[in-house]
Structure formats: C-alpha cells, structure tokens
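Below are the chains, spelled out letter by letter.
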Amino acid sequence: MVPLLGIVWFAAAFYPVYYMFISSLRERSDYLEGSPWLPPLQPVLGNYAEVLGSGLALYFLNSLFVVTLSVALIVFVGFLAAYVIARIPSRAIRGVFTTFLMGLAIPLQAAIIPVYLLIVEMGLYDTLYALIPPQVAFGIPLTVLILVNFIRDIPNELFDAIKLDGGGHRRTLRSLVLPLSRPALVTVVIYNALQAWNNFLFPLVLTQSSNVRTIPLALQQFQGQYGVDVPGLMAAVLLSTLPIIVLYIVARRQLLGGLAAGFGR
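Remember, predicted model here, so these are calculated numbers, not experimental data.

Rules behind the numbers
Residues numbered from 1 in each chain as written. Predicted model: local features only at pLDDT ≥ 70, side-chain atom pairs only at ≥ 80, totals over all residues. Heavy atoms only, no water. Helix = DSSP H or I, 4+ residues; strand = E, 2+ residues; numbered from the N terminus. Buried < 20%, exposed > 50% of the residue type's maximum accessible area, 1.4 Å probe, protein only. Contact = heavy atoms within 4.5 Å. Areas by Shrake-Rupley, 256 points an atom, 1.4 Å probe, with all protein chains shown as cover. Lys, Arg positive; Asp, Glu negative; His and termini not counted. Charge placed at Lys NZ, Arg CZ, Asp CG, Glu CD. Arc of directions from axis to C-beta. Core = buried A, V, L, I, M, F, W, Y, C linked by side-chain atoms within 4.5 Å. Domains from an automatic or database assignment. Buried area = accessible area lost by both parts, 1.4 Å probe. Salt bridge = Lys/Arg side-chain N within 4 Å of Asp/Glu carboxyl O. Polar contact = N/O pair within 3.5 Å; in protein donor to acceptor, adjacent residues only side chain to side chain. Nonpolar A, V, L, I, M, F, W, Y, C, P; charged D, E, K, R; others polar. 1 Å grid on protein atoms, 1.4 Å probe; cavity = no way out; pocket = protein on both sides within 12 Å on 5 of 7 lines; lining within 4 Å. Points joined across faces, edges and corners; volume = space filled by probe spheres on them.

Draft legend 1. View of the overall build of the protein. Each helix and strand in the protein was counted, giving twelve helices and zero strands. The N-to-C order of helical and strand elements in the protein reads α-α-α-α-α-α-α-α-α-α-α-α. When the backbone C-alpha atoms are referred to their principal axes, the protein occupies close to 70 × 60 × 30 Å. Residue burial in the protein is summarised as follows: out of 265 residues, 38% are buried. When contacts within the protein are restricted to residue pairs at least 6 apart in sequence, long-range pairs at least 24 apart make up 74% of them. Summing over all exposed atoms, the protein offers an accessible surface of approximately 15,500 Å²; the carbon and sulfur share of this is 68%. Distance between charge centres in the protein, computed from 15 positive and 11 negative side chains, equals 17 Å.

Following this line, the structure appears as structure tokens:
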C-alpha cells in the first residue's frame, strides 16, 4: 500500500513539470491540437530560443543577484539572533523574540505602501537594491523561529564542554552551533531562496525599468492583450524553475532533516 501511495504522490508532483515540458515543445499555432497528455509528434525547440533571445539571461542574473544577497543577509542575521535568543535567557531577549514572531502575522500585501515609501526615501527605487531590504525583513521572522527551535535541541552538555575548555561565544558558534545547525540552515536557505526567486509584488511595485526586471516580471511579456503564448510561457517557466529544482535535489536530505528537527519538539 505504501509503495502505491508513493507512486501516486510522485505522479501528482511530477505531472506539472511534465506538462510544462511537453507544452514548451509545441508550436503556438497548434498548441490546442492533439492530446495534452502526450508529447507533440513534431517537437520544436523554437520556444526556448525565443525565450533566451528575449533577455531572460539578464532577468535570470537580476533574480540571482537579489536572491543571493537577500538569503545571505537573512541567514546571517537570523542565525546570530537565534543563537542569542536560544542561549542567553533574559526578559529583554524574550521580548525581542516575541517581536520577531509578531512579524509572522503581518501580511506582505498589508505593508507594501509603507515599504514603497521607505524605499523611495532611501533613494533605492527602481534599482535591484530596492528588493533586498523588504525581502530580508519578511524572511527573518520564520528563519529565527526555525533556527531557535533547532539550537535549543542541541544538548546543553556540548555547550558546557566548550565553556569548560575556555571557549567563548565566537568559538561556540563556529565549532558547535554552525556544524550542528547545517540541516536547519539548508532549510531556511532553500525556503528563503524560493520566496525571493518567486516574489512578484516587490519587483512590480519597487521597480519600473526593464533592465532591473526579475524572472517573475519577465514572464509577463509572454501574455498579450488578447492572448497568451502558452508554449513560450511554459518554456520560460521551466527554465526559471530549474535553479530551485536543482537546489532542492542537491539539498533535499538536509532540508527534510532540518524541518523534522526544527519542529519535532
């Protein structure tokens, strides 16, 4: 029974990728002809050539730049904050943790006007740097929550051993917490990379020039006033999802371990 359920789950999860791939191999003119379940009789690669020639490489690099800086800042700040919250008990630090948790209750859409005004006042509007501060601000709360739960599960005896050996907070972070927190760090890296890569609202509101478009905004150009270039759109979506798929495949074991350990107790 379990193998059967696994096969059903795999088929349900894999079918969207399969559908995108076979649709991207069709001509726009005969997209609605034939069975949507089967590959086209005469597959073409023209859609991929059109997508790559439409500036997708630039948009890919823009998204990669935003994702890299955003995730690096989120993990750096979240990791240090989580260590302090988990290992240094005090009323003030508990208040800071509560403030982080309150950030989980704020919808992104509800804060877009204040975010827009702040970005304009900072002189970052219509630049790639405008996308990084709000992405970091909305990514830190969940990152802190996951890492705090994970660090609290590390046995106190290990911290006591380093303390007796004369190690301070810097050595504890480097030699103990960082190696043992790798599954949780992989979890937050993948989650925040996915959120930043697929974010549509921030680029839409905080940028307007074509040279600072990111992947989600670039997909709009395959939709016209009276129709949608579905094969071209499927090719663009498939290419845009490849980095996240590869990242998940490479780190999926540590991702699942981080999720289980972070919320297991």
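The structure having been displayed, the exposition proceeds.
Draft legend 2. Structural view of helix α2 (residues 46-53). For α2, every residue scored as buried is listed here: N47, Y48 and V51. Across the axial projection of α2, the buried residues extend over an arc of 95 degrees, all falling on one side. Pointing more than 90 degrees away from the buried face of α2 are the exposed residues A49 and G53. Two residues or fewer past α2, G55 is found with a positive phi of approximately 95 degrees.

Draft legend 3. Highlighting the nonpolar core. Grouped together as the largest cluster of nonpolar side chains are 61 residues, with contacts concentrated most on V144, I151, F159, V177 and L206. Here this core gets 13 residues from one element, more than from any other, and that element is helix α3 (residues 56-87).

Draft legend 4. Representation of the domain arrangement of the protein in the model. We note that the domain assignment places domain 1 (1-43) and domain 2 (54-262) within the protein. For domain 1 versus domain 2, the separation of C-alpha centres amounts to 31 Å. With both chains or domains summed, domain 1 and domain 2 bury close to 790 Å², and 80% of this area falls on carbon and sulfur atoms. Along the contact surface separating domain 1 from domain 2 lie zero salt bridges. Counting the contacts that link domain 1 with domain 2 gives zero residue pairs in polar contact (both at pLDDT 80 or more). Of the residues contributing to the side of domain 1 that touches domain 2, the split by class is four nonpolar, two polar and three charged.

Draft legend 5. Molecular detail of empty space enclosed by the protein. Scanning all chains against the criterion turns up one cavity of 30 Å³ or more. The calculated volume of the largest cavity comes to roughly 80 Å³. Together, S63, V66, V67, L131, Q135, A196, W197, N199, F202, P203, T214 and P216 line the largest cavity. At the level of secondary structure, the elements contributing two or more residues to the lining of the largest cavity comprise α3, α9 (182-198) and α10 (201-206). With three residues, α3 is the largest single contributor of residues to the lining of the largest cavity.

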